[in-house]
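Given next are the chains, with one letter for each unit.
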Amino acid sequence: MDVSSMPFTAKKYNNRLLLEQITALLKSGSLYQIRRFIHELYPAQTAHLIESLRPEDRKKIWAVIPPDVMGEILVQLHVEVARGLIEITAHNDLIKAIESLESDDLVDLLHVIPEPLYSQVMASIGEQERNRLASALSYDDDTAGGLMSLDVLTVQANQSLAEVLQDLRTRGSLPKATDNLFVVDQLDIFQGVLPLSVILTRDPLTLVSESMDASIDGIPCQMSAEEVALLFEHRDMLSAPVVAENGRLLGRITVDDIVDVIRDQADHSFMSMAGLNEEQDMFSPVMISAKRRAVWLGINLVTAFMASWVIGLFEATLEQIVALAVLMPVVASMGGIAGSQTLTLVIRGLALRQISGINAVQLFKKELSVGIVNGVLWSFVVASIGGIWFHSAGIGLILGGAVIINLICAAFAGASIPLILQRMKIDPALAGGVLLTTVTDVIGFMAFLGLATLFLM
């Protein structure tokens, strides 16, 4: 494909092409061309490019970005990358960048900026705004309070739609992603929502109390981010109010915040399977990356030695029947794949809140049944192949029997390990794979070599 012949509008939405272009511009050394190129991108695209580049190239990109755009880019970056750029940015530029952010993005960024910059930013804003931000910062990142924006438009039930519309015109602008106004009483207790579409289409003399939707409930500020995301998905919401325990309106959550939550959850699940953190920088220093990964390599080494120890118990059997050593990986591999399928299904169900004490037993029975069916089917296949390969019906039968045992145990382990880990407050995505591999390897080798010792020796 000839990239140069493509219109910029086409290139603009192809991240691979954008990365190729910015790499070429960085090699040319033309700051003017780099500045012009970056100026045409959305902040999220610039953030994606920055994360895809080496640290020395990131500095060149960052040097051409104006302060009023820096804040929007920083909130899109993984924490580790954002902190690296914050360290090389002048404090005055950072304060300008932060002041241009909306309240929810500002709260996110305040969580990662260091002292004394944090104190300088808080001192640069008014006391009322500082108190609001301090309240928002008191909530954990993974709660509704941590997700919410403080930029809300409120009305009272005794106002007419004409009065509301006049207030909006006087204001001159609306917070981003505004689809509803929130109805509160004099104590800011949430009462319902007033859609913008209603304001524009109903009789202007109609009261808010007659036009609002009082069936909408506020989201509790301590609700987890995962539950909030599911709520948005199930109700197709664009925004939702966040309320305190006493019903007082605190802020609102918009769908763009939920998109970030879903992306973070996907990153977390994917990276956790390898024992990694989704906030880690792809181009972090070698020794830092090696140190992080060494922990899980060590854990895996322990489990590998456990499997080797089991094999060592049957050393005499292996010395007399060499074919067993050739076929051992078949048993372990079949169990590992079957267990991973069940493990993934259960972890997904837990993440989506589809599994609880009510249906866990039924799911457990179903996965065991699947393990039995697949065990019988594939044991016949591998037994036939093994028997023909080594001209021994006995080896074939032993192989088939071991596969049945391992697939049933793999289904049992894949269904139970995530549930046990969740009850122990351990992330199933982080530790489930390691435990499952240990179970399927140990049981697979034990079943295969044990059966061989009993019936062939």
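Relevant structure appears above.
Keep in mind that this is a model prediction, so the values were computed, not measured.

K.L.:
I keep staring at the pairing of strand β2 (residues 180-184) and nothing clicks. Help me out?
P.N.:
Strand residues, when the strand is regular, have side chains that alternate between the two faces of the sheet. Most of β2 sits inside the fold, with five of its five residues counted as buried. Here strand β1 (residues 154-155) runs beside β2; their pairing, made up of two bridges, is parallel. Within β2, the residue paired with T154 across the bridge is F182. Where the polypeptide runs from β1 across helix α13 (residues 161-171) and back to β2, its parallel neighbour, the crossover connection is right-handed. Of the strand pairs in this sheet, β2 and strand β3 (residues 190-195) are connected by five bridges, and their pairing is antiparallel. When the bridges of β3 are listed, V184 appears paired with F190. The loop that links β2 with its antiparallel partner β3 comprises five residues; one of these, D188, has a positive phi angle of about 65 degrees.

K.L.:
Help me understand the environment of A162, please; the structure alone is not making it clear to me.
P.N.:
Within the secondary structure layout, A162 lies in helix α13. Taking the relative accessible area as the measure of exposure, A162 reaches 32% and is therefore partly exposed.

K.L.:
Just checking my understanding: could you explain α13 for this structure?
P.N.:
Every α-helical turn comprises 3.6 residues, leaving residues that sit three or four positions apart pointing alike. Turning to α13, its buried residues number three or more, namely L161, V164 and L168. Seen from one end, α13 has its buried residues packed into an arc of 60 degrees, which puts them on one side. Across from the buried face of α13, at angles greater than 90 degrees, the exposed residues are R169 and T170. Residues of α13 that are buried make contact with β1, β2, β3, α14 (196-201) and α15 (208-211). Just downstream of α13, G172 is the residue with a positive phi angle, here 90 degrees.

K.L.:
Help me out: how do you make sense of empty space enclosed by the protein in this one?
P.N.:
Over the atoms a probe the size of a water molecule is rolled, and this reveals where empty space is left. Taken as a whole, this structure holds one cavity of 30 Å³ or more when the rule is applied. In this model, the largest cavity occupies a volume close to 30 Å³. D151, V152, L153, P175, T178, N180, F182 and R252 are the residues that line the largest cavity. Broken down by class, the residue content of the lining of the largest cavity amounts to four nonpolar, two polar and two charged.

Reading the values: rules and limits
- Residues numbered from 1 in each chain as written.
- Predicted model: local features only at pLDDT ≥ 70, side-chain atom pairs only at ≥ 80, totals over all residues.
- Heavy atoms only, no water.
- Buried < 20%, exposed > 50% of the residue type's maximum accessible area, 1.4 Å probe, protein only.
- Helix = DSSP H or I, 4+ residues; strand = E, 2+ residues; numbered from the N terminus.
- Pairing = 2+ DSSP bridges.
- Right-handed = clockwise from strand over helix to strand, strands pointing away.
- Arc of directions from axis to C-beta.
- Contact = heavy atoms within 4.5 Å.
- 1 Å grid on protein atoms, 1.4 Å probe; cavity = no way out; pocket = protein on both sides within 12 Å on 5 of 7 lines; lining within 4 Å.
- Points joined across faces, edges and corners; volume = space filled by probe spheres on them.
- Nonpolar A, V, L, I, M, F, W, Y, C, P; charged D, E, K, R; others polar.

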